[in-house]
Amino acid sequence: MKLCAVQYASTTGDIEGNVARHTEFVELAASHDTELIFFPELSLTGYEPALAKGLATHEEDPILDVFQRLSDTHGIVIGVGLPLVSSTKPRIGMVVFQPHTGRHAYAKQRLHEDELPYFSAGEKPLLIETREHRLALAVCYESLQPDHVATAASLGADVYLASVAKLAPGMDEAHACYATFARERTMTILMANCVGPCDGETGGGRSAAWIDRGKRTASLDDEQEAMLILDTTTLTARVLTLAARVA
């Protein structure tokens, strides 16, 4: 199975514009026979906690319908990030679109203390079932918590998809954590981080993939938008940019 993590620079607060750019990445991934693609934390709005309440919507918002059409057309699973409305504060969500299936929403379950004034926590895990794999979703802070990855493993997940918005100073530690989790849980881990604006600073990039025994198969740089495609059969990875569309 080919899995794709997108290293993406969101345009802050511009959901419509980000939707349009997400579709370009999806189309490119599909042209390379990718079966799943996902984006960084809050990719459709940018990671801006103070703006989340005003930008929050629900998973059935018609502006997201294009992703269901793309999923159905190309037979690809798509995961996009955005704040989701709840009865209290918004949740840090990822909406998952599967071919010819109703969309599902996952909400980050473990919040960093800095997020507590702006967000409420999700309540349950979400697994994506395919013929080849059982994939678990994780969003940023929680993906670095041993209990979260342990729960995913206990539910039978063999692939862990980490959608994050992390700054450069934390990336060495994050890479070390993911390598340890992949080794200890015999689990494939694919991480998508942002570049560009991130809560008043700049996302640290370095999206990467780890296979069993903690081996890192590939890592992107800390500045450029790009796509990391991991083939779980051959355990090899390749890097694409949007320029690859015309290559």
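Going by the structure above, here's the rest.
Nothing here was measured: the structure is a model prediction, and the numbers come from that model. (Residues numbered from 1 in each chain as written. Predicted model: local features only at pLDDT ≥ 70, side-chain atom pairs only at ≥ 80, totals over all residues. Heavy atoms only, no water.)

Turning our attention to the overall build of the protein. Helix and strand counts for the protein stand at five helices and 15 strands. By the compact-globule yardstick of 18 Å for 247 residues, the protein fits well, its C-alpha radius of gyration being 16 Å. A principal-axis box enclosing the C-alpha atoms of the protein has dimensions of 45 × 40 × 35 Å. Looking at the protein residue by residue over its 247 residues, the buried ones come to 55%. Here the analysis covers contacts within the protein between residues at least 6 apart in sequence; of these, 65% occur between residues at least 24 apart. Of the roughly 10400 Å² that the protein leaves accessible, carbon and sulfur atoms contribute 48%. (Helix = DSSP H or I, 4+ residues; strand = E, 2+ residues; numbered from the N terminus. Rg over C-alpha atoms; globule rule 2.2 N^0.38 Å. Buried < 20%, exposed > 50% of the residue type's maximum accessible area, 1.4 Å probe, protein only. Contact = heavy atoms within 4.5 Å. Areas by Shrake-Rupley, 256 points an atom, 1.4 Å probe, with all protein chains shown as cover.)

With five of five residues buried, strand β9 (residues 188-192) lies mostly within the body of the structure. Of the two faces of β9, the one lined by T188, L190 and A192 and the one lined by I189 and M191 are each fully buried. Relative to β9, strand β8 (residues 159-163) is paired through five bridges, and the arrangement is parallel. The partner of A162 across the bridge, within β9, is M191. A crossover links β8 with its parallel partner β9, the connecting element being helix α5 (residues 171-185), and its sense is right-handed. (Pairing = 2+ DSSP bridges. Right-handed = clockwise from strand over helix to strand, strands pointing away.)

With that settled, consider empty space enclosed by the protein. Leftover empty space is mapped by rolling, across the atoms, a probe with the size of a water molecule. Under the criterion given, the structure shown has one cavity of 30 Å³ or more. Roughly 40 Å³ of volume is contained in the largest cavity. The wall of the largest cavity is formed by S10, P40, E41, L42, S43, G46, Y47, A165, C194 and P197. Class assignment for the residues of the lining of the largest cavity results in six nonpolar, three polar and one charged. (1 Å grid on protein atoms, 1.4 Å probe; cavity = no way out; pocket = protein on both sides within 12 Å on 5 of 7 lines; lining within 4 Å. Points joined across faces, edges and corners; volume = space filled by probe spheres on them. Nonpolar A, V, L, I, M, F, W, Y, C, P; charged D, E, K, R; others polar.)

Looking now at the packing of aromatic side chains. One pass over the full model with this rule turns up five aromatic pairs. Centroid distance F25 to F39: 6.3 Å. Interplanar angle 85°. Geometry classified as edge-to-face. Placement of F25 in helix α1 (residues 15-31) and of F39 in the loop between β2 (36-38) and α2 (52-55) is noted, with a sequence separation of 14 residues between them. Within the aromatic cluster, the residues linked to one another by ring pairs are Y8, F25 and F39. (Phe/Tyr/Trp six-rings, centres within 6.5 Å; stacked < 30°, edge-to-face > 60°.)

Turning our eyes to something else, we now look at the layout of surface pockets. In this structure, the largest pocket encloses a volume near 430 Å³. What lines the largest pocket is a set of 18 residues, and nearest its centre among them are Y47, H112, D114, A165 and L167. Across the lining of the largest pocket, the residue classes tally to eleven nonpolar, two polar and five charged. Considered as a void within the structure, the second largest pocket measures approximately 240 Å³ in volume. Ranked by residues supplied to the lining of the second largest pocket, first place goes to strand β5 (residues 101-107) with three residues. Of the residues in the lining of the second largest pocket, the class split is seven nonpolar, three polar and four charged.

Attention shifts here to the sheet that holds strand β15 (residues 236-240). One open sheet holds the seven strands; their spatial order is β5-β4-β3-β2-β1-β14-β15, and the pairing between them is mixed. Across the chains shown, the open sheet's two edge strands, defined by having one partner strand only, are β5 and β15. Each strand of the sheet is rotated relative to its neighbour by a mean of 20°, with strand direction disregarded. Of the strand pairs in this sheet, strand β1 (residues 2-7) and β2 are connected by three bridges, and their pairing is parallel. Directly across from A5, in β2, lies its bridge partner F38. Helix-sheet contacts for helix α3 (residues 65-74) involve β3 (77-84), β4 (91-98) and β5, and the interaxial angle to β4 is about 35°. (Axes fitted to C-alpha atoms, helices over the stretch in contact; angles between N-to-C directions.)

So far we have only geometry, and geometry alone does not tell us how the molecule works.
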